[in-house]
Number of protein chains: 2
Amino acid sequence: MSPEEAFGFILKSARSKKGLSQEQLALNCDLDRTFISMLERGQRQPSLTSILAISTSLEIPANELIRQTLEIMDESYKT
Amino acid sequence: MSPEEAFGFILKSARSKKGLSQEQLALNCDLDRTFISMLERGQRQPSLTSILAISTSLEIPANELIRQTLEIMDESYKT
DNA sequence: TTCTTTTGTAGACTATAGTCCGTCGACCAT
DNA sequence: ATGGTCGACGGACTATAGTCTACAAAAGAA
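Treat the numbers as computed from the prediction; the structure is a model and nothing was measured. (Residues numbered from 1 in each chain as written. Chains lettered and ligands numbered in written order. Predicted model: local features only at pLDDT ≥ 70, side-chain atom pairs only at ≥ 80, totals over all residues. Heavy atoms only, no water.)

Some points on the interface of chain B and chain A
Threshold: Here a residue-residue contact requires only that any non-hydrogen atoms of the pair lie within 4.5 Å. What gets called buried area is simply the loss in accessible area from a 1.4 Å probe that two parts show on being joined, summed for both. Only one rule defines a salt bridge in this text: a Lys or Arg side-chain nitrogen within 4 Å of an Asp or Glu carboxyl oxygen. Counting of polar contacts relies on pairs of N or O atoms within 3.5 Å, with two restrictions inside protein: one atom must be capable of donating a hydrogen and the other of accepting it, and residues adjacent in sequence are counted only when both atoms are side-chain atoms. Labels follow the DSSP assignment, with helices taken as runs of H or I lasting at least four residues and strands as runs of E lasting at least two, numbered in each case from the N terminus. Polar here means any residue outside two lists: the nonpolar Ala, Val, Leu, Ile, Met, Phe, Trp, Tyr, Cys and Pro, and the charged Asp, Glu, Lys and Arg; Gly therefore counts as polar.
Listed by partner, the interface residues are 16 residues for chain B and 16 residues for chain A. In total, chain B and chain A occlude about 1400 Å² of area from one another, counting both sides; carbon and sulfur atoms represent 78% of this. For the chain B face of the interface with chain A, the top three residues by lost area are Gln45, Leu48 and Asn63 of chain B, together amounting to 39%. Here chain B and chain A share zero salt bridges between them. In this assembly, chain B and chain A are joined by eight residue pairs in polar contact (both at pLDDT 80 or more). If one sorts the elements of the side of chain B that touches chain A by residue count, helix α5 (residues 62-78) of chain B sits on top with six residues. Here the residues of the side of chain B that touches chain A sort into 10 nonpolar, four polar and two charged.

In structure tokens, the structure reads:
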């Protein structure tokens, strides 16, 4: 699983858990709705500032987002 | 202190601590030497994959790099 | 001093992050 | 059926991540 895919997976599940739509999240972190969509589908990777903006909106520390991303990359590596 | 500056600061100190030159690090993580230089000076921000490549080369977990980056952002915010 | 390694920096370039417009289909209400 | 929200997806665009070449300015070691 690529970093983009892993991050997208974490993003989507965290956003869903907060009950936010892609558009609400996008407005909240000052990014474009279509970009959030592409991130979740692993078709784009975020920059550092995007990671920070998203983490703030989701109320999850950025290092925790990255930790979870690494975690599922490791999991998929095992199989 | 901006995210770029904070990350640059962490990058430079971590690289120095490992006794690596910018060029050695660049070769190691398959990035350009001049780009490493700009990152350290806060003139560029890394993408997710750059963060991961750098963290691997420095043998510091990416989430730890981010944690330290957030930490000094917070510190500079207080003053 | 002189030699060597390291880093800053500039300029031109390519790849991609991120925006903004729109359309469509799925789903869920009424 | 139809109206609303939501997400996938397209194309065209702008901003910037990241490369490459080259040279100059530290900084260290001899």
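Overview of the protein's contact with DNA strand D
Applied cut-off: By convention in this text, a residue qualifies as near a molecule or strand provided that one of its non-hydrogen atoms is within 4 Å of it.
Arg15 and Gln22 of chain A together with Asp32, Ser47 and Ser50 of chain B are the nearest of the 19 residues found near DNA strand D. Restricting attention to atoms of DNA strand D within 4 Å of the protein, one finds that 75% of them are sugar or phosphate atoms. Taking serine 37 of chain A, its side chain carries an N or O atom lying 3.2 Å from a phosphate oxygen of DNA strand D. Looking at the surface near DNA strand D, the elements with two or more residues in it are α1 (3-18) and α3 (33-40) of chain A together with α3 (33-40) of chain B.

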